[in-house]
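Survey of secondary and tertiary structure
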Amino acid sequence: MGRAAATGGGGRGARRWLPWLGLCFWAAGAAAARGTDNGEALPESIPSAPGTLPHFIEEPDDAYIIKSNPIALRCKARPAMQIFFKCNGEWVHQNEHVSEESLDESSGLKVREVFINVTRQQVEDFHGPEDYWCQCVAWSHLGTSKSRKASVRIAYLRKNFEQDPQGREVPIEGMIVLHCRPPEGVPAAEVEWLKNEEPIDSEQDENIDTRADHNLIIRQARLSDSGNYTCMAANIVAKRRSLSATVVVYVDGSWEVWSEWSVCSPECEHLRIRECTAPPPRNGGKFCEGLSQESENCTDGLCILDKKPLHEIKPQSIENASDIALYSGLGAAVVAVAVLVIGVTLYRRSQSDYGVDVIDSSALTGNSLLLNSAMQPDLTVSRTYSGPICLQDPLDKELMTESSLFNPLSDIKVKVQSSFMVSLGVSERAEYHGKNHSRTFPHGNNHSFSTMHPRNKTPYIQNLSSLPTRTELRTTGVFGHLGGRLVMPNTGVSLLIPHGAIPEENSWEIYMSINQGEPSLQSDGSEVLLSPEVTCGPPDMIVTTPFALTIPHCADVSSEHWNIHLKKRTQQGKWEEVMSVEDESTSCYCLLDPFACHVLLDSFGTYALTGEPITDCAVKQLKVAVFGCMSCNSLDYNLRVYCVDNTPCAFQEVVSDERHQGGQLLEEPKLLHFKGNTFSLQISVLDIPPFLWRIKPFTACQEVPFSRVWCSNRQPLHCAFSLERYTPTTTQLSCKICIRQLKGHEQILQVQTSILESERETITFFAQEDSSFPAQTGPKAFKIPYSIRQRICATFDTPNAKGKDWQMLAQKNSINRNLSYFATQSSPSAVILNLWEARHQHDGDLDSLACALEEIGRTHTKLSNISESQLDEADFNYSRQNGL
């Protein structure tokens, strides 16, 4: 009965004993702190008030030891019967405590304050998994309370900057980015920028931003921004100065408009001038290009010759002039006849010099020379090919006219090699002699890109089918606040709208199209188009966070050989450069992968990639493929070999054209690396089965000029070969097609097929996954579940003293350039993850992302193994069911 009362009647009894229990805990802690037995006497007086748990009025703060000066840690709590420090899990000896006691007049509770000193030697002698730390433990009648842990570190600041700012020369209104990585220090150094030894206040100048990872960004350079810039780093220990960087903002000169024409001079000329003053070049800018003075003849009765108008000059002068013109014409005719005779003689003699057939190109049009015997050869353009020529696309506007289809090329000599000679490697590089417009490499490279401009624009052969008129590819989708992904099937072009980019309760019909007609971007100089022209819209749509546009390209990526630019078409139809891929910019971001470029943008429009080769080792990737179909003659079979830019959309054009012509893909397409070394491309058919097939004359080997391949984005480039069966019973065809660049790479296509459609094996050339669901909206469009995405952003957007923040996240995802772009975003981690989504839209490799996070040390759980119960998003099951 008594025991029951003691245990069960007891709530009141238990509360009565609690103060004594807390006091025992205090006595044990005090004894341990004093290094004595627990049997020492308890305090002389114990308040009778029920009391409360200790409440800390002041907790110890993180501290730094400067040089050899010790630091003091303090605690203050009420009500507190005793306070002791514990450092690194061990009690600090009582003798090292300095304690003060007072009474809180308002509450009547006892207030206790305790100090301890920590020396540099103590911190240096500590070797643990974390920093040296201390915390307070306070006792009252009801028990104990613990303060926060305060870390103690030795402060320092190294002397050398990890990265000094570098001087730059930038055009006016260009962007200036000066990088500064301060010396390593504890605590981390704060950075301040000086211009000409005066501090820069970015809050007073909206054009300047100094928040992005210690870098100095001037969005639009002004002449007044020229000067010497210095990065200052300081913490509680010392200050350090970087090397000064000189920034020069220059202005290139521009021409004023032309002046009015002057009065006509006695020499029948008038002048006009313009000066390089709008604006004049400054700070080393380029002087204006072009003429500063221009003259031309002036007539219409305004010209005075020997002080008489032209119409009053005597007729005898006119007759003399007519005689001179007549004699000149007769002389020219005599010279032309002599040249013709010599040319015919040399032509006949040269026939015996060829080891193979030499034909007049009129044979290629199927017309007899007798029908055009009255025609004189055009001697204004002279071209000689010592090797085989390419049979060009008849739709090439630069190589044909409507009337020239029935005219022979009497001024062209063609050397045709047999397939046997080609198989032995007996071939020479084609030579072309004539007028051309050359485009040269930059940086002093003397190789030229030549474009032929013949006067008689006749197609080389007549057996190529005309291609249908192309229209643009287009797809649309309606997107809202949840975002989504818009994909152009089988083109490599896609658009990622991030979650939250569109305001809530809003929705937009977003479209995307690819120009398949004549490109509107006209290349300048040696610049070539490396991608399709992609349009996304509507142009007036505003997004709150950057969207990701993926554009395929055909460059073999190397910063040593290519200078690649992103360009945008203006409303006036002109193309402007947005940025170079290697530049620093806070307006957009370009990430160049081997086969595609992922661009982060905040405005819709028409974009394309262009490339400027820096050396002749610059390489374009070409896709080569062979198609075949029966001709009207039942014994003939046509092979068409295509060499197009290695972009999915370019090859889709070819597939579409071949479907209209009844062509079938005979071999899986292959990749050919085409160098910018000005050497042409040879295409030949080898190993044709004898006694079963024969190739028609003059088509065994064809050669394409370099410029036609290098700038092949105008139309799909292809050469045609016509084969003939000896008997209708032959249904199997096997041969090799060799595509090689002279002094470059080669590729072999092995044809093994049946010419009968019922027996032919179908070759798949597009991935099935890319052709389904062009528009995906909401969470199912993203590989990373939204709940996990939020956790990653919350973790890495917060700066970390050890560098485990969004910059490390970018580095682990191979994003090492132009980090100032992400620093200007409200959530850098979210934009980095958007870029990850754009790069991994096909594989969705969450394991690689999880490994990157594990390497940083912020998480130890793979995303792909997280159970469904841990996720907040209900549709994560959709991702798991699709193998993510």
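Residues numbered from 1 in each chain as written. Predicted model: local features only at pLDDT ≥ 70, side-chain atom pairs only at ≥ 80, totals over all residues. Heavy atoms only, no water.

This part covers the overall build of the chain. Check the secondary structure of the chain and you find 13 helices and 53 strands. Counting all 884 residues of the chain, 45% fall into the buried class. Relative to all contacts within the chain whose residues are 6 or more apart in sequence, the contacts with residues 24 or more apart total 71%. (Helix = DSSP H or I, 4+ residues; strand = E, 2+ residues; numbered from the N terminus. Buried < 20%, exposed > 50% of the residue type's maximum accessible area, 1.4 Å probe, protein only. Contact = heavy atoms within 4.5 Å.)

According to the stated counting rule, one finds 14 aromatic pairs in the structure shown. For the ring pair Phe126 and Tyr132, a centre distance of 5.7 Å and an interplane angle of 90° mean the geometry is edge-to-face. Considering the side-chain rings of Phe627 and Phe651, the 6.4 Å spacing of their centres and the 40° angle between planes classify their relative orientation as tilted. Note that Phe627 is positioned in strand β43 (residues 619-630) and Phe651 in helix α6 (residues 648-661), a separation of 24 residues in sequence. Under the relative-accessibility criterion, Phe627 is labelled buried at 2%. On the basis of relative accessibility, which here comes to 1%, the residue Phe651 falls in the buried class. Feature note: the residues Trp562, Phe674, Phe706 and Trp710 constitute an aromatic cluster, connected by ring pairs. The ring of Trp133 carries Lys149 above its face, with NZ or CZ at 4.1 Å from the centroid. Here the guanidinium or amino end of Lys620 rests over the ring plane of Trp710, the centre of that ring lying 5.9 Å away. (Phe/Tyr/Trp six-rings, centres within 6.5 Å; stacked < 30°, edge-to-face > 60°. Lys NZ or Arg CZ within 6 Å of the ring centre and 35° of its normal.)

All right, on to unusual backbone geometry then. Here the amide bond leading from Val186 into Pro187 is cis, since omega sits at -5°, within 30 degrees of zero. By secondary structure assignment, the location of Pro187 is in the loop between β14 (185-186) and β15 (190-195). With an omega dihedral of 15°, the bond running from Gly537 to Pro538 counts as a cis peptide bond. Among the structural elements, Pro538 can be located in the loop between β36 (534-537) and β37 (547-552). With a phi angle near 55°, Lys67 is a residue other than glycine that sits in the positive phi range. Judged by its relative accessible area of 63%, Lys67 is exposed.

Along its 12 residues, helix α11 (residues 828-839) runs 17 Å from first to last C-alpha, staying within 8% of the 16 Å computed at 1.5 Å per residue. Counting buried positions over the 12 residues of α11 gives 11, a clear majority of the element. Taken residue by residue, α11 has Pro828, Ser829, Ala830, Val831, Ile832, Leu833, Asn834, Leu835, Trp836, Glu837 and Ala838 as its buried positions. (Expected span 1.5 Å × (residues − 1).)

Take the state of the cysteines next. For the structure shown, the criterion picks out 5 disulfides. Across the disulfide, Cys87 is cross-linked to Cys134 (sulfur-sulfur distance 2.0 Å). As the torsion about the S-S bond is roughly 110°, the Cys87-Cys134 disulfide counts as right-handed. Taken together, the residues span a long stretch of sequence, with Cys87 in strand β4 (residues 82-87) and Cys134 in strand β8 (residues 132-140) at a distance of 47 residues. (Disulfide = S-S within 2.5 Å.)

Our next topic: the pairing of strand β32 (residues 484-488). For β32, a buried count of 5 out of 5 residues is recorded, marking the element as mostly surrounded by other parts of the structure. With 5 bridges connecting them, β32 and strand β33 (residues 493-497) associate as antiparallel partners. Residue pairing across strands places Arg485 opposite Leu496, the latter belonging to β33. Adjacent in sequence and paired antiparallel, β32 and β33 are bridged by 4 residues, among which Asn490 carries a positive phi angle near 60°. Pairing geometry for β32 and strand β53 (residues 775-777), over 3 bridges, is antiparallel. (Pairing = 2+ DSSP bridges.)

Applying the stated rule across the entire model yields 23 salt bridges. Between Arg485 and Glu837 there is a salt bridge whose closest N-O contact spans 3.4 Å. Placement of the pair is Arg485 in strand β32 and Glu837 in helix α11, with a sequence separation of 352 residues. Assessed through its relative accessible area of 0%, Glu837 is described here as buried. Each of the salt bridges in this network shares a partner with another, and the network as a whole consists of Glu58, Arg74, Lys76 and Glu113. (Salt bridge = Lys/Arg side-chain N within 4 Å of Asp/Glu carboxyl O.)

With that settled, the discussion passes to the sheet that holds strand β7 (residues 110-118). Taking strand neighbours across the sheet as the criterion, the 4 strands line up as β1-β3-β7-β6 in an open arrangement whose pairing is antiparallel. The open sheet terminates on both sides in strands that have one partner only, identified here as β1 (55-58) and β6 (98-103). Strand-to-strand twist across the sheet, computed as the mean angle between neighbouring axes with direction ignored, equals 25°. Pairing between β1 and strand β3 (residues 71-78): 3 bridges, direction antiparallel. Counterpart to Phe56 in the pairing with β3 is Ala77. (Axes fitted to C-alpha atoms, helices over the stretch in contact; angles between N-to-C directions.)

Turning our attention to α6. The first and last C-alpha atoms of α6 sit 20 Å apart over 14 residues, in line with the 20 Å expected at 1.5 Å per residue. With respect to burial, α6 is a largely interior element, 10 of its 14 residues being buried. Of all the residues in α6, the buried ones are Cys649, Ala650, Phe651, Gln652, Glu653, Val654, Val655, Asp657, Glu658 and Gln661. On its buried face, α6 sits against β31 (473-479), β34 (508-514), β37, β43 and β44 (636-645). At the exit of α6 stands Gly662, carrying a positive phi of roughly 80°.

Attention now moves to the side chain of Arg725. Along the chain, Arg725 falls in strand β50 (residues 717-725). Comment: no salt bridge for buried Arg725; closest opposite-charge side chain is Asp636, at 7.4 Å. Reaching out from Arg725, the side chain makes a polar contact with the backbone oxygen of Pro728 at a distance of 3.2 Å. Engagement of the side chain of Arg725 in a polar contact is seen with the backbone oxygen of Thr730, the distance being 2.9 Å. Not counting chain neighbours up to four residues away, the residues in contact with Arg725 comprise Met630, Ser634, Leu635, Leu692, Trp693, Thr730 and Ile755. (Lys, Arg positive; Asp, Glu negative; His and termini not counted. Polar contact = N/O pair within 3.5 Å; in protein donor to acceptor, adjacent residues only side chain to side chain.)

It is worth spelling out the sheet that holds strand β13 (residues 176-178) at this point. Reading across from one edge, β13-β18-β17 is the order of the 3 strands in this open sheet, with antiparallel pairing throughout. Sheet topology places β13 and β17 (208-209) at the edges, where each strand pairs with a single neighbour. Pairing analysis gives 2 bridges linking β17 to strand β18 (residues 216-218), with the strands arranged antiparallel. By the bridge assignment, Asp209 is partnered in β18 with Ile217.

A separate point is the nonpolar core. Within the largest apolar cluster, 71 residues are counted, with the highest numbers of intra-cluster contacts made by Leu495, Leu549, Leu639 and Ile739. Other than its neighbours up to four places away in sequence, Leu495 contacts Gly484, Arg485, Leu486, Ile510, Met512, Cys536, Phe547, Ala548, Leu549 and Phe604. In this structure, Tyr589, Cys793, Val831 and Trp836 belong to the second largest nonpolar core, which totals 30 residues. (Core = buried A, V, L, I, M, F, W, Y, C linked by side-chain atoms within 4.5 Å.)

Right, let's talk about the confidence of the model for the chain for a bit. Per-residue confidence for the chain gives a mean pLDDT of 74; residues scoring 70 or more make up 70%. Of all the helices and strands in the chain, helix α1 (residues 2-8) carries the lowest mean pLDDT, 32, while β37 carries the highest, 96. Per-residue pLDDT stays below 50 along residues 1-49; that stretch engages in 36 contacts with residues further than four places along the chain or on separate chains. When the criterion is pLDDT under 50, residues 305-319 qualifies, and its contacts beyond four places in sequence or with other chains add up to 7 contacts. (pLDDT = per-residue confidence, 0-100.)

Attention now moves to the environment of Ile172. With respect to the element layout, Ile172 can be found in the loop between β12 (168-171) and β13. Sequence separation between Ile172 and Gly285 is 113 residues, and the spatial gap between their C-alpha atoms is 9.7 Å. Not counting the four nearest positions on each side in its chain, Ile172 is found in contact with Ala221, Leu223, Val249, Tyr250 and Val251.

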